[in-house]
Amino acid sequence: MTHERETAAEAAAARPRARLIDVATAAGVSPKTVSRVINDEAGVLPGTRERVLRAVRDLGFVPDRSARELKRRDADTIGILIDAISDPFFAAFVSVIEELAVAEGLSVIFASTGYDAARESVQLDRLTGHRLVGLIVAPVAVSASTLAALRTRFPVACIDRVRSGIDAVVIDDFGAAVEATTALIAHGHRRVAFMGEDVPYPTVSDRLSGYRSALAAAGLPFDPSLVVTHERFGRGEAIEVSRLLERDDAPTALLCATSLAAIGTVRAIRSRGLRMPALISFGDFTLAEVLDPGITYVDHDPRLLASAAFRLLSERAVRPDEGPERVIVPTRLVPRGSGEMQAARASDAVASAMGPSTGSGAVAASAGSGAVAACSGGPGPTPLPALAEPATALVATALSLVHPEPAGDAAVPAAAPIGAP
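An account of the accompanying structure is given in this report. Quick caveat: nothing in here was measured; it's all calculated off a predicted structure.

**Focus on the overall build of the chain**
For the chain, the count of helices and strands is 15 helices and 15 strands. Looking at the chain residue by residue over its 421 residues, the buried ones come to 46%. In the chain, the proportion of contacts linking residues at least 24 apart, taken out of those at least 6 apart, comes to 67%. In the structure as shown, the chain presents an accessible area of about 19,900 Å², 54% of it carried by carbon and sulfur atoms.

Below, the structure written as structure tokens:
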């Protein structure tokens, strides 16, 4: 070897080994694009491919052999992109998917969006950089076209929200909210408040629509001042609810649109020393059953949703050209005491915390009838006909107002066991 060759070899040895990110930077593309080029995958424009190959040659990039061997293996990982693992619903959902995946010899990798569109894009790129056997997404802002492109590589299913042309597993948010609101009305409540969340998801807006429809079906006016918002990114306490319950015309019942909203509501009520009004949570949460009274909730069972999503991925892996399919998982109202409080008891609880009431919003339930009469000053609300639990006729009326039955959608039986075919 000549001295010139030795010097060149020494220089090459002294230079740090080029990384995939270095090639991506030099070529002006994403690391994923570089990976596609060096693995000779389709979907890269000729000009881009040539630019990447030139950068590979110039930098002397050599792919890691062990990484390439790993990529040659069959895909064995399910990717999951959710809002936040701190959300009780999604924590349970991921746990069940993992349970089902492990039983089939698969792995699970998950990431969270934090309800942020920019973070969602980054996390989606990271997840799909793996060789996935399937992807489950709770979409924030990702487009249907982006998911459709991913669908050409592996099965994709949406959870909780839908994107056109993509398989999805959802619940009937509108109908469940109708049932929950009607249950409160059936217990004599005529001032029912709605606790939403500051997230721009159709799930929350559909639940608000269901609440309004149930009021309309019962002949009750909609009062915008009874709709308050829990700041998901605040300190976790629903301050607006405590202010609402301290009003002279305080509502006697609350419908919380999410479990996080319910947790914030309970914290605020406890911190202000208020007694619990009648309350129904959309979704269960830890220790909800040990509170006094226990928190009644709408059960949108994450085990059923996870089982349905897993089956969709499995079916689409075998029949990729079929679909899309929208699976509607049933819900049920689980009574624990808080949602079954009669209007008189709820009104007394709020009044005892506020002191003597001077308003006209306090109401009492007529014995066994569900009708109400004024407890203090001024004429009370107009009594409604007696309602029989679970107020089936009233629910049907509310659903018929603005919510036709979905056509052509599959439904998951409420008793479907985990892993059922």
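After presenting the structure, the write-up continues.
**Let's talk about the side chain of R190**
Following the sequence through the fold, R190 ends up in the loop between helix 9 (173–186) and strand 6 (192–197). Among the polar contacts made by the side chain of R190, one reaches the main-chain carbonyl oxygen of I185 at a distance of 2.9 Å.

**Here we look at the sheet that holds strand 8 (residues 253–256)**
Strand order in the open sheet formed by six strands is 7-6-8-9-10-12, and the pairing between neighbours is mixed. Edge positions in the open sheet fall to strand 7 (227–230) and strand 12 (332–334), since each of these has one partner strand only. Direction aside, the axes of adjacent strands within the sheet are offset by 20° on average. Of the strand pairs in this sheet, strand 6 and strand 7 are connected by four bridges, and their pairing is parallel. Considered in strand 7, the bridge of M195 is made with V228. Where helix 9 meets the sheet, its contacts fall on strand 6, strand 8, strand 9 (278–282), strand 10 (296–299) and strand 12, and the angle it forms with strand 9 comes to roughly 165°.

**Observations concerning the side chain of D173**
Looking at where D173 falls in the secondary structure, it is placed in helix 9. On the basis of relative accessible area, D173 is assigned to the buried category, the value being 5%. One polar contact links D173 to R207, side chain to side chain, over a distance of 2.7 Å. Sequence-distant contacts of D173, defined by excluding residues within four places in its chain, comprise T203, D206, R207 and F282.

**Comments concerning the environment of G175**
Within the secondary structure, G175 is located in helix 9. Expressed as a C-alpha distance, the spacing of G175 and S209, which sit 34 residues apart in the sequence, is 9.4 Å.

**Re helix 2 (residues 20–27)**
Of the positions making up helix 2, those classed as buried are V23, A24 and A27. Summarising the axial view, the buried residues of helix 2 lie within an arc of 100°, below the 170-degree limit, and thus occupy one face. Turned more than 90 degrees away from the buried face of helix 2, the exposed residues are T25 and A26. Where helix 2 is buried, its residues meet helix 3 (31–38) and helix 4 (46–59).

Criteria and cut-off values
- Residues numbered from 1 in each chain as written.
- Predicted model: local features only at pLDDT ≥ 70, side-chain atom pairs only at ≥ 80, totals over all residues.
- Heavy atoms only, no water.
- Helix = DSSP H or I, 4+ residues; strand = E, 2+ residues; numbered from the N terminus.
- Buried < 20%, exposed > 50% of the residue type's maximum accessible area, 1.4 Å probe, protein only.
- Contact = heavy atoms within 4.5 Å.
- Areas by Shrake-Rupley, 256 points an atom, 1.4 Å probe, with all protein chains shown as cover.
- Polar contact = N/O pair within 3.5 Å; in protein donor to acceptor, adjacent residues only side chain to side chain.
- Pairing = 2+ DSSP bridges.
- Axes fitted to C-alpha atoms, helices over the stretch in contact; angles between N-to-C directions.
- Arc of directions from axis to C-beta.

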